[in-house]
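# Summary of the model geometry
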Amino acid sequence: MDYFPANWGQQRPASHADHNWLVTPGAGHSQGARAPSNVGVSADYATGIVSHTSSPIVTGTSVVAFKFKDGIIMATDCLASYGSLARFRNMERMTPVGQHTIVGASGDVSDFSYIKHQLDQLMIDEYESADGHTLGPRNVYEYLHRVMYHRRSQFNFLWNTLLVGGIKDGEKFLGCVDMKGVTYTSPTIATGFGAYLAQPILRKAVEGREDQIDEAEARKIMDKVMRVLFYRDARSLNKIQVSVVTEKGVDVSEPRTLQTEWAFAESISGYGAAQP
């Protein structure tokens, strides 16, 4: 790739590989103009037209999280869908940030990869400052709020809804940041279809009992919620990943498959072998 801006948009040298150039018919050049590498942005420097991502392509569905006695539990499934195609079945949509925080994302997978890169750089900068301070979940939450709102203000959205959870100095934190930079905190949060299907279960099982639920019970509740989402959400999978954040640190499990039961479908009129 030619990294000198003065050469961008010029006639393609014969020595340059084809993949370094974006062919733009009618741009005024027979071979086209160079496209920049900005995430979510494409540009034709011959015409001055800049475009942004207007819809997500490869997406993940719900993220579910809630507080329990010792910290935060969060879960996602491992499916990334290409439209309605269940394309990638081993996708991890949660990432630890430092020793106190977990971030989970629904929405565009490539945008989340970009966000993970930004968070990694944030932690590197924090480490290099060597001031004795470590970022907690509330700090990461405020940082993501500003990142998402800044991109919204540029009309260049990152097509994700992010859950940020963790515990630091005995304070449990769980918050949500959407693609427009809207934020809120709650003892139970679910994104995507989970906002409709999981939240009623969580409100009944968790809210008001956050300081009574131990980790074993929290995992049982999460399994129940993720199983319901698999049954009802066509973009979900029964292969899930669960993260638990306590004072000991962040524990992200290996993906595992939930046991499911579909025999009930035989008794539903118009489904399977049953006749109307």
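Identification of the chain as Proteasome subunit beta from Catenaria anguillulae PL171 is taken from an unreviewed UniProt entry. The UniProt entry for the chain carries the following text under Function (unreviewed entry): "Non-catalytic component of the proteasome."

In terms of helices and strands, the chain carries five helices and 16 strands. Looking at the chain residue by residue over its 276 residues, the buried ones come to 43%. Put simply, 58% of the contacts in the chain that link residues at least 6 apart link residues at least 24 apart. For the chain, the exposed surface amounts to about 14,800 Å²; the carbon and sulfur share of it is 53%.

A word on the pattern of salt bridges. Close approach of charged atoms lets side chains of opposite charge pair. Following the criterion strictly, the structure yields eight salt bridges and no others. The partner of Arg-256 in a salt bridge is Asp-223, and the shortest N-O contact between them spans 2.6 Å. Linking Arg-256 in strand 16 (residues 256-257) with Asp-223 in helix 5 (residues 215-232), this pair joins segments that are 33 residues apart in sequence. Sharing partners across several salt bridges, the network here consists of Glu-215, Arg-219 and Asp-251.

Attention shifts here to helix 1 (residues 109-129). With 21 residues, helix 1 should reach 30 Å at 1.5 Å per residue; the first-to-last C-alpha distance of 30 Å fits that figure. Those residues of helix 1 lying buried are Val-109, Asp-111, Phe-112, Ile-115, Leu-119, Leu-122 and Glu-126. Seen end-on, helix 1 carries its buried residues on one side only, within an arc spanning 145 degrees. When the buried face of helix 1 is taken as reference, the exposed residues oriented beyond 90 degrees from it are Tyr-127 and Glu-128. Lining the buried residues of helix 1 we find strand 3 (58-60), strand 6 (80-82), strand 8 (94-97), strand 9 (101-108), helix 2 (137-153) and strand 10 (160-168). Backbone geometry just downstream of helix 1 places Ala-130 in the positive-phi region, at approximately 50 degrees.

The next point concerns the packing of aromatic side chains. Counted by the stated rule, this structure contains five aromatic pairs. Between Phe-230 and Trp-262, the ring centres sit 5.9 Å apart and the planes meet at 75 degrees, which makes this aromatic pair edge-to-face. Here the residue Phe-230 occupies a position in helix 5, and Trp-262 occupies one in the segment after strand 16, the gap between them amounting to 32 residues. An aromatic cluster of at least three residues, connected via ring pairs, comprises Phe-230, Tyr-231 and Trp-262.

Turning our attention to the pairing of strand 14 (residues 239-246). Along strand 14, seven of the eight residues are buried, which leaves the element largely enclosed by surrounding structure. Of the pairings in the sheet, the one linking strand 5 (residues 71-77) to strand 14 comprises six bridges and is antiparallel in character. Counted as the bridge partner of Ile-73 is Val-244 from strand 14. One ladder, built from two bridges, connects strand 14 with strand 16; its direction is antiparallel. Paired with Ile-240 across the strands is Arg-256, a residue of strand 16. In this structure, strand 14 lies alongside strand 15 (residues 249-252), joined through four bridges in antiparallel fashion. Directly across from Thr-246, in strand 15, lies its bridge partner Gly-249. Linking two consecutive strands that pair antiparallel, namely strand 14 and strand 15, is a turn of two residues.

This part covers the nonpolar core. Within the largest apolar cluster, 21 residues are counted, with the highest numbers of intra-cluster contacts made by Val-64, Phe-66, Ile-73, Val-225 and Met-226. Once you skip the residues sitting within four places of it in the chain, Val-64 turns out to touch Ile-73, Met-74, Ala-75, Leu-163, Ile-189, Ala-190, Ala-198, Leu-202, Met-222, Val-225, Met-226 and Leu-229. Of all hydrophobic cores here, the second largest spans 20 residues; its members include Leu-122, Val-164, Val-177 and Met-179.

In the contact formed by helix 1 and helix 2, the axes pass within 12 Å of each other and the chain directions differ by 130 degrees. When the axis of helix 1 is compared with that of helix 2, the two are oblique. When the axes of helix 1 and helix 2 are compared, the crossing they make is right-handed. On helix 2, the residues that touch Tyr-114, Ile-115, Gln-118, Leu-119 and Leu-122 of helix 1 are Val-140, Tyr-143, Leu-144, Met-148 and Arg-151.

Glancing now at the side chain of Ser-186. Checked against the element boundaries, Ser-186 lands in the loop between strand 12 (183-185) and strand 13 (188-190). Classification of Ser-186 by relative accessible area gives buried; the value is 19%. A polar contact of 3.0 Å, which involves the side chain of Ser-186, links it to the backbone oxygen of Thr-188.

Right, let's get into the side chain of Thr-61. With respect to the helices and strands, the residue Thr-61 is situated in the loop between strand 3 and strand 4 (63-68). Side-chain polar atoms of Thr-61 contact the side chain of Asp-233, separated by 2.7 Å.

Scoring rules and cut-offs
- Residues numbered from 1 in each chain as written.
- Predicted model: local features only at pLDDT ≥ 70, side-chain atom pairs only at ≥ 80, totals over all residues.
- Heavy atoms only, no water.
- UniProt positions renumbered as here; feature names shortened; annotations may be inferred.
- Helix = DSSP H or I, 4+ residues; strand = E, 2+ residues; numbered from the N terminus.
- Buried < 20%, exposed > 50% of the residue type's maximum accessible area, 1.4 Å probe, protein only.
- Contact = heavy atoms within 4.5 Å.
- Areas by Shrake-Rupley, 256 points an atom, 1.4 Å probe, with all protein chains shown as cover.
- Salt bridge = Lys/Arg side-chain N within 4 Å of Asp/Glu carboxyl O.
- Expected span 1.5 Å × (residues − 1).
- Arc of directions from axis to C-beta.
- Phe/Tyr/Trp six-rings, centres within 6.5 Å; stacked < 30°, edge-to-face > 60°.
- Pairing = 2+ DSSP bridges.
- Core = buried A, V, L, I, M, F, W, Y, C linked by side-chain atoms within 4.5 Å.
- Axes fitted to C-alpha atoms, helices over the stretch in contact; angles between N-to-C directions.
- Parallel < 35°, antiparallel > 145°, perpendicular 65-115°, else oblique.
- Left-handed = near helix turned anticlockwise from the far one by under 90°.
- Polar contact = N/O pair within 3.5 Å; in protein donor to acceptor, adjacent residues only side chain to side chain.

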